Amino acid sequence: MRTLATLPLLALLATLPTLASAQTARKVHDDAIVLDTHFDTPANLGRPGWTITDRHDTAKDGDQVDVPRMIEGGVDGGFFAIYTAQGPRTPEARRAARDAGFVRAVQIREMVARHPDVFQFVTTAEQARAVAASGKRFVFMSMENGTPVEADVSLLSTFHALGLTMASPVHFKNNDLADSATDKPEWNGLSPAGRTFVAEANRLGILLDASHASDQVLEQMIALSKAPIILSHSGVRAIYNHPRNVSDADLKLLAAKGGVVQINAFSAYMIDQPKIPERDAAMQALMVKAEAMRDMTPEQRGALMAERKAILERWPAPRATFADLMKHLEHAIQVAGIDHVGLSGDFDGGGGIEGFDGVADFPKVSAALLERGYSAADVAKVMGGNALRVLAAAQAAGDPAARVTIPQTN
């Protein structure tokens, strides 16, 4: 017969399997190379007083990536994006985009140089693994939207010399390279310049990224590329029918080429969002204001976040959950195979959902995969192994004479 004295002991014993499984999941996570293939965090680098080594608060300033939370989440590094918004397709706007792209590339390199005890800039999978083993965080450089090079694709070689290792041709709007998934068809896929973009990226060993591209662009990139390609932050259309998401048919094409889809955590691409014109107009006006205040002070950033919160409270919309993320992730695995799926939060660029709202939350995905019967090796592939594999494949397919060696420091 149990006594009152034995009840606390029994309760403690009942928790031991849970504690043990949590410790096992964390060890599996920490043993993997964990990376995110799309950080929009470089947009913060010009903000007065902002530094990535400080711990930020997503609820107050919207920031989702910083060093303390990378360490907490066991995130070894990632691809830091040179993002340029698609402006008018005029000579003046193209020059401005080119210059903005170079400024952002320098800012990323300066971020690493400013914190040599924390970061190391890398260009290869081998370097990334070595940096992770050293305890530092590795920094790859990517380009989201090819507008900095749309007027002169040969500029890809200059960005490559600065350390660019992944690039996408297009973003929300069509440009001179390709059709966007969220715009009306103009080129019916890649433009002639876009085909040159693919060929030049292949020559340089730059990993091609088709996130934000139309279905036709994706299919043409898969067909034309000499190397596997990546979708650096996308969802699956079978779970939620959105043009930004990839169809099962294209998932199979991507996998057959050896590529990988990195499932993102952007709520509007994961679940149905009812149309509320007033909210959409208010959010658009807020985005315009944010673009006009690129060098925001912490106080201005806080005010902007408070305004955003007020808009969402006045016209609330459902927010995707961790369960939704796992639905997208598992469907992609079922269709494409475990060797062709990874993860990206799309953090600091609009991503973030309930239960997965910053880099500190990455261990939750590893634990969830293990609970669903996936192996430690499977987790390592999803957390970063697959992305590093396709990067290495893209570089191996490139012209050896075009390779750039970035000096590594101890």
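Read on for a plain summary of the structure. Not measured: the values here are computed from a predicted model.

### Remarks on the nonpolar core
Item 1. Formed by 82 residues in total, the largest nonpolar core has its most connected members in L156, L325, F356 and V365.
Item 2. No other element matches helix α12 (residues 322–336), which puts seven residues into this core.
Item 3. Those residues within four positions of V365 in sequence are excluded, and the remaining contacts are F322, L325, M326, L329, L343, F356 and M383.
Item 4. F79, V131, M166 and A394 belong to the second largest nonpolar core, which has 19 residues in total.

### Focus: unusual backbone geometry
Item 1. Not every positive phi belongs to a glycine, and N188 is a case in point at roughly 55°.
Item 2. Tracing the sequence through the fold places N188 in the loop between β5 (164–167) and α7 (192–204).
Item 3. The phi angle at D346 is positive, at roughly 55°, despite the residue not being glycine.
Item 4. Structurally, D346 can be placed in the loop between β9 (341–343) and α13 (362–371).

### Overview of the packing of α12 against α13
A pair of packed helices is captured by two measures, namely the crossing angle of their axes and the spacing between those axes.
Item 1. At a minimum axis distance of 11 Å, the contact between α12 and α13 shows a crossing angle of 60°. With respect to α13, the element α12 is oriented oblique. For the pair α12 and α13, the sense of crossing is right-handed. Judged by residue contacts, F322, L325, M326, L329 and I333 of α12 engage K364, V365, A368 and L369 from α13.
Item 2. Classifying every residue of the contact of α12 with α13 gives eight nonpolar, no polar and one charged.

### Digging into α7
Item 1. With 13 residues, α7 ought to run about 18 Å at 1.5 Å a step, and its terminal C-alpha atoms sit 19 Å apart, in line with that.
Item 2. Turning to α7, its buried residues number three or more, namely G194, F197, V198, E200, A201, N202 and L204.
Item 3. Summarising the contacts, the buried residues of α7 are in contact with α6 (155–161), β5, β6 (207–208), α8 (215–224) and α14 (376–397).
Item 4. Note on α7: the residue one or two positions beyond its end, G205, has a positive phi of about 80°.

### So, the side chain of T51
Item 1. Along the chain, T51 falls in the loop between β1 (35–39) and α2 (58–61).
Item 2. Classification of T51 as buried rests on a relative accessible area of 18%.
Item 3. Looking at T51, its side chain comes within polar contact range of the side chain of T53, at 3.0 Å.
Item 4. Not counting residues within four places of it along the chain, the set of residues in contact with T51 comprises H56 and H115.

### Focus on the pairing of β1
Item 1. Within β1, five of the five residues are buried, which leaves it mostly tucked inside the rest of the structure.
Item 2. Where β1 meets strand β2 (residues 77–83), three bridges bridge the pair, whose relative direction is parallel. The residue of β2 that forms the bridge with D36 is G78.

### Things to note about the side chain of S247
Item 1. Along the chain, S247 turns up in the loop between β7 (230–234) and α9 (248–256).
Item 2. Given a relative accessible area of 18%, S247 falls into the buried group.

### Side note on the pattern of salt bridges
Item 1. Across all of its chains, the model carries 17 salt bridges by this definition.
Item 2. The partner of R26 in a salt bridge is D30, and the shortest N-O contact between them spans 3.0 Å. Residue R26 and its partner D30 are both found in helix α1 (residues 6–31); the two are separated by four residues, about one turn of the helix.
Item 3. Where D99 meets R98, a salt bridge forms, and the shortest distance between an N and an O atom there is 2.9 Å.
Item 4. According to the relative accessible area criterion, R98 is partly exposed, its value standing at 28%.
Item 5. One continuous salt-bridge network, built from bridges that share partners, spans R89, R94, D176 and E186.

### Quick look at the packing of aromatic side chains
Item 1. A complete count under the given rule lists eight aromatic pairs for this structure.
Item 2. Ring centres 5.1 Å apart and planes at 65° place the aromatic pair F39 and F80 in the edge-to-face group. With F39 in strand β1 and F80 in strand β2, this residue pair connects regions lying 41 residues apart in the sequence.
Item 3. A residue is classified by how much of its surface remains accessible, and F80, at 0% relative accessible area, is buried.
Item 4. Centroid distance F79 to F140: 4.4 Å. Interplanar angle 10°. Geometry classified as stacked. Taken together, the positions of F79 in strand β2 and F140 in strand β4 (residues 137–144) put the pair 61 residues apart, joining distant regions of the chain. For the pair F79 and F140, a shared accessibility class is recorded, and that class is buried.
Item 5. Every member of this aromatic cluster is reached through a ring pair, and the members are F79, F138 and F140.
Item 6. R109 extends its terminal NZ or CZ atom over the ring of F121, reaching a point 4.1 Å from the ring centre.

Conventions and cut-offs
- Residues numbered from 1 in each chain as written.
- Predicted model: local features only at pLDDT ≥ 70, side-chain atom pairs only at ≥ 80, totals over all residues.
- Heavy atoms only, no water.
- Core = buried A, V, L, I, M, F, W, Y, C linked by side-chain atoms within 4.5 Å.
- Buried < 20%, exposed > 50% of the residue type's maximum accessible area, 1.4 Å probe, protein only.
- Helix = DSSP H or I, 4+ residues; strand = E, 2+ residues; numbered from the N terminus.
- Contact = heavy atoms within 4.5 Å.
- Axes fitted to C-alpha atoms, helices over the stretch in contact; angles between N-to-C directions.
- Parallel < 35°, antiparallel > 145°, perpendicular 65-115°, else oblique.
- Left-handed = near helix turned anticlockwise from the far one by under 90°.
- Nonpolar A, V, L, I, M, F, W, Y, C, P; charged D, E, K, R; others polar.
- Expected span 1.5 Å × (residues − 1).
- Polar contact = N/O pair within 3.5 Å; in protein donor to acceptor, adjacent residues only side chain to side chain.
- Pairing = 2+ DSSP bridges.
- Salt bridge = Lys/Arg side-chain N within 4 Å of Asp/Glu carboxyl O.
- Phe/Tyr/Trp six-rings, centres within 6.5 Å; stacked < 30°, edge-to-face > 60°.
- Lys NZ or Arg CZ within 6 Å of the ring centre and 35° of its normal.

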